[in-house]
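# Survey of secondary and tertiary structure
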Amino acid sequence: MSEPNLSFLNRLVLAFSAFWQILTNTEFAVRMTGPQLSAPEPTATPAPSKPVLQETLPDSALQLLGLLQQEGRFVDFLQEDVSQFSDAEIGGAARVVHEGCRKAVHEHFKFEPVREEAEGARLTLAEGFDAASVRLTGNVVGSPPFTGTLKHHGWRVAEINLPKLTQGHEVRIVAPAEVEL
């Protein structure tokens, strides 16, 4: 099966879209963790319980969106209809947006790999492995242990250092209107 040919810009927009969906949509984030593996079910199957959903406050996500806008003009970039521009023009704009957004993210978040092994390494996942931190892909059949190749080491946020907000700050304003006098 041939893979679709996605441009860098298309992949960038898709990555940012997935990033925001994971931050703001718990159901989407759970779906992105892949198959949820558990121990074999006992012979008497209890009635399925409905998962408990936790409400999240949008303030931190909105604050991060504001920081990405401030440093990288992220919202401006996503709101722009880029169909009228050439790939070279879009690539140039993406470079500027990437640089600013990267600066904002690295200033406020410290990342570490989920897995320490080098990408491409063979590894075995024992029964009881953390299915929230490892997504199985490919031909997933049977039960653990699973042996496979590490395609991406994953990322976890080790530290968050968002600026404190003043009381009454309107986080829904991610970029104030600008009026030149």
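Now for a quick tour of the structure. (Residues numbered from 1 in each chain as written. Predicted model: local features only at pLDDT ≥ 70, side-chain atom pairs only at ≥ 80, totals over all residues. Heavy atoms only, no water.)

Moving on: the packing of aromatic side chains. Both the distance between ring centres and the angle between the ring planes are used here to describe each pair of aromatic rings. Within this structure, the stated rule accounts for three aromatic pairs. Between Phe 111 and Trp 155, the aromatic rings sit 6.4 Å apart at their centres with planes inclined by 70 degrees, giving edge-to-face as the arrangement. With Phe 111 in strand β1 (residues 109-113) and Trp 155 in strand β4 (residues 155-160), this pair connects stretches of sequence that are 44 residues apart. What links up through ring pairs into an aromatic cluster is the set Phe 109, Phe 111 and Trp 155. (Phe/Tyr/Trp six-rings, centres within 6.5 Å; stacked < 30°, edge-to-face > 60°. Helix = DSSP H or I, 4+ residues; strand = E, 2+ residues; numbered from the N terminus.)

Another point: the nonpolar core. Listed in full, the twelve residues of the largest apolar core are Leu 64, Leu 65, Leu 68, Phe 74, Phe 77, Ala 94, Val 97, Cys 101, Ala 104, Val 105, Phe 109 and Val 174. Contributing elements (two or more residues each) for this core: α3 (59-72), α4 (74-79) and α5 (87-108). The element that contributes the greatest number of residues to this core is α5, accounting for five residues. Those residues in contact with Val 105 that sit more than four places away from it in its chain are Leu 68 and Phe 111. Leu 125, Phe 129, Val 134 and Leu 136 belong to the second-largest nonpolar core, a separate cluster that totals eight residues. (Core = buried A, V, L, I, M, F, W, Y, C linked by side-chain atoms within 4.5 Å. Buried < 20%, exposed > 50% of the residue type's maximum accessible area, 1.4 Å probe, protein only. Contact = heavy atoms within 4.5 Å.)

This next bit is on a nonpolar patch on the surface. A cluster of nonpolar side chains, Phe 111, Trp 155, Val 157 and Ile 160, forms an exposed patch at the surface whose accessible area comes to about 410 Å². With three residues, β4 is the single largest residue contributor to the nonpolar patch. (Patch = residues over 30% accessible without salt bridge, like charges linked within 9 Å, V, L, I, M, F, W, Y side chains within 5 Å. Areas by Shrake-Rupley, 256 points an atom, 1.4 Å probe, with all protein chains shown as cover. Salt bridge = Lys/Arg side-chain N within 4 Å of Asp/Glu carboxyl O.)

Let us look at unusual backbone geometry. Where the residue is not glycine, phi is negative for most of them; where a peptide bond is considered, it is trans in most cases. The omega angle of the peptide bond from Pro 144 to Pro 145 is 10 degrees, so this bond is cis rather than trans. With respect to the helices and strands, the residue Pro 145 is situated in the loop between β2 (122-125) and β3 (146-149). Positive phi, close to 55 degrees, is recorded for Arg 73, a residue that is not glycine. Along the chain, the position of Arg 73 falls in the loop between α3 and α4. Residue class for Arg 73 comes out partly exposed when judged on its relative accessible area of 46%.

Its location among the elements puts Gln 69 in helix α3. In terms of polar contacts, Gln 69 uses its side chain to reach the backbone amide nitrogen of Val 75, at 2.8 Å. Residues in contact with Gln 69, not counting those within four places in the same chain, are Phe 74, Val 75, Asp 76, Val 174 and Ala 175. (Polar contact = N/O pair within 3.5 Å; in protein donor to acceptor, adjacent residues only side chain to side chain.)

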